[in-house]
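Here is how the chains run, residue by residue.
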Amino acid sequence: MGKLENRVAVVTGAAQGIGRAIADKLVEEGAAVVVADLNGEGAERAAQELGGSAVQADVSQEADAQRIVDATLALHGRLDVLVHAAAIVPFVPWDDVDFAFWRKIISVNLDGTYLIGRAVEKPMREAGYGRIVNIASNSFFAGTPNMGPYLAAKGGVIGLTRAQATELGKHGITANAIAPGIIRSEGALASPHKDSFDFVQSLQALPRHGEPQDIAPAAAFLASEESGWVTGQTLVVDAGHVRN
Ligand code: NAD
Ligand code: 4PL
């Protein structure tokens, strides 16, 4: 018996990378998974491979966030778990950050977390049960360079997670964040971040590069009933790079 039997989970950003690895783990633990991603083809492919359903959606659009929830309820009649991994992972030198870029990152990475969280809240409140797991980043603690708006958004995600925990606890809903360290996702490997792995490894307690699968067990725990006495927390999963 997995720890998520009979549970229905939405995983955003699950077409690839950390979201995909988490979706695989939740299925392994018995959940029915809805893959929600801006990349519709990628979402379809992932859903087929893991035996779930796909929704093409932009989490920074209110109507799209609501449509993810509507589709999940139409398919399964319930929504127990949100793992929100969708985000843009930029590498832009500070001197090249303009207001349009700032707005874009805040819109997708912070507004998106608010919008999908708000949308899943309603069925969770009605059920008197829910698990919200937001994916933040240890870069918020480390102050990693070339990611200014991203650091600000991820700090916001940690703050929002604390607010969700406070406001929704009375409805049986927990909200926690995971702060991964640098991970060999498709996105990171296709960007200048790929050149940082050896340097960051020199700062880690555990001398090995991180894979998307290294984040999934923490997400499964926070998505399960077992974590019912844990809320408002940020779990750093980064081989000991930062200690918060
Ligand atoms: P990735 O770029 O490989 O995958 C991100 C996925 O999110 C993609 O499938 C993309 O299509 C989707 N997405 C982007 N914008 C979206 C939107 N507006 N609506 C819906 N879907 C959207 O990224 P990853 O490295 O796997 O990162 C996943 C999460 O982990 C993110 O929240 C990221 O900030 C976080 N994170 C990543 C690292 C890392 O080193 N890779 C470290 C810490 C935290
Ligand atoms: C330490 O969240 O946390 C690179 C890219 N390095 O996205 C991140 C570190 C990246 C990070 C992150």
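Analysis parameters
Residues numbered from 1 in each chain as written. Chains lettered and ligands numbered in written order. Predicted model: local features only at pLDDT ≥ 70, side-chain atom pairs only at ≥ 80, totals over all residues. Heavy atoms only, no water. Phe/Tyr/Trp six-rings, centres within 6.5 Å; stacked < 30°, edge-to-face > 60°. Buried < 20%, exposed > 50% of the residue type's maximum accessible area, 1.4 Å probe, protein only. Lys NZ or Arg CZ within 6 Å of the ring centre and 35° of its normal. 1 Å grid on protein atoms, 1.4 Å probe; cavity = no way out; pocket = protein on both sides within 12 Å on 5 of 7 lines; lining within 4 Å. Points joined across faces, edges and corners; volume = space filled by probe spheres on them. Helix = DSSP H or I, 4+ residues; strand = E, 2+ residues; numbered from the N terminus. Nonpolar A, V, L, I, M, F, W, Y, C, P; charged D, E, K, R; others polar. Expected span 1.5 Å × (residues − 1). Axes fitted to C-alpha atoms, helices over the stretch in contact; angles between N-to-C directions. Parallel < 35°, antiparallel > 145°, perpendicular 65-115°, else oblique. Left-handed = near helix turned anticlockwise from the far one by under 90°. Contact = heavy atoms within 4.5 Å.

Undergrad: Hey, could you run me through the packing of aromatic side chains in this one?
TA: One pair of aromatic rings is described through two measures. These are the centre distance and the angle between the planes. Within the structure shown, the criterion is met by one aromatic pair. Arranged with centres 5.3 Å apart and planes meeting at 70 degrees, the rings of Phe-140 and Phe-141 form a pair that is edge-to-face. By relative accessible area, Phe-141 is classed as partly exposed at 31%. The residue whose ring lies beneath Arg-7 is Tyr-129, and the NZ or CZ to ring-centre distance is 4.0 Å.

Undergrad: Sorry, what's going on with the layout of surface pockets here?
TA: Over the atoms, a rolled probe matching the size of one water molecule traces out where space is still vacant. Taken as a whole, the largest pocket encloses approximately 1000 Å³ of empty space. What lines the largest pocket is a set of 46 residues, among which Ala-87, Ile-88, Val-89, Tyr-150 and Ser-185 lie closest to the centre. Secondary structure elements with two or more residues in the lining of the largest pocket: helix H1 (17-28), strand S2 (32-37), helix H4 (99-127), helix H5 (139-142), helix H6 (148-168), helix H7 (186-189) and helix H8 (197-201). At three residues, the largest contribution of residues to the lining of the largest pocket is made by H1. The class makeup of the residues in the lining of the largest pocket is 26 nonpolar, 16 polar and four charged. Here the second largest pocket is characterised by a volume of approximately 170 Å³. Lining the second largest pocket are 13 residues, and of these Arg-208, Gly-210, Asp-214, Asp-238 and Ala-239 lie nearest its centre. Residues that form the lining of the second largest pocket fall into these classes: six nonpolar, four polar and three charged.

Undergrad: Help me understand H1 in this model?
TA: In an α-helix there are 3.6 residues to a turn, and that puts residues three or four apart on one side. The end-to-end C-alpha distance of H1 is 17 Å, a good match for the 16 Å that twelve residues give at a rise of 1.5 Å each. With nine of twelve residues buried, H1 is to be regarded as a mostly interior element. Turning to H1, its buried residues number three or more, namely Gly-17, Ile-18, Gly-19, Arg-20, Ala-21, Ile-22, Ala-23, Lys-25 and Leu-26. Directly after H1, the chain includes Gly-30, whose backbone phi takes a positive value near 105 degrees.

Undergrad: How should the packing of H4 against H6 be read in this particular structure?
TA: When two helices pack together, their arrangement is given by the angle between their axes and by how far apart the axes lie. Closest axis-to-axis distance for the H4/H6 pair is 9 Å, and the angle between their directions is 15 degrees. Compared by their axis directions, H4 and H6 come out roughly parallel. Between H4 and H6 the crossing geometry is right-handed. Between H4, through Phe-101, Trp-102, Ile-105, Ile-106, Asn-109, Leu-110, Thr-113, Tyr-114, Gly-117, Glu-121 and Arg-125, and H6, the contact on the second element is made entirely by Pro-149, Tyr-150, Ala-152, Ala-153, Gly-156, Val-157, Leu-160, Gln-164 and Leu-168.

Read these as layout, nothing more, since geometry by itself doesn't imply function.
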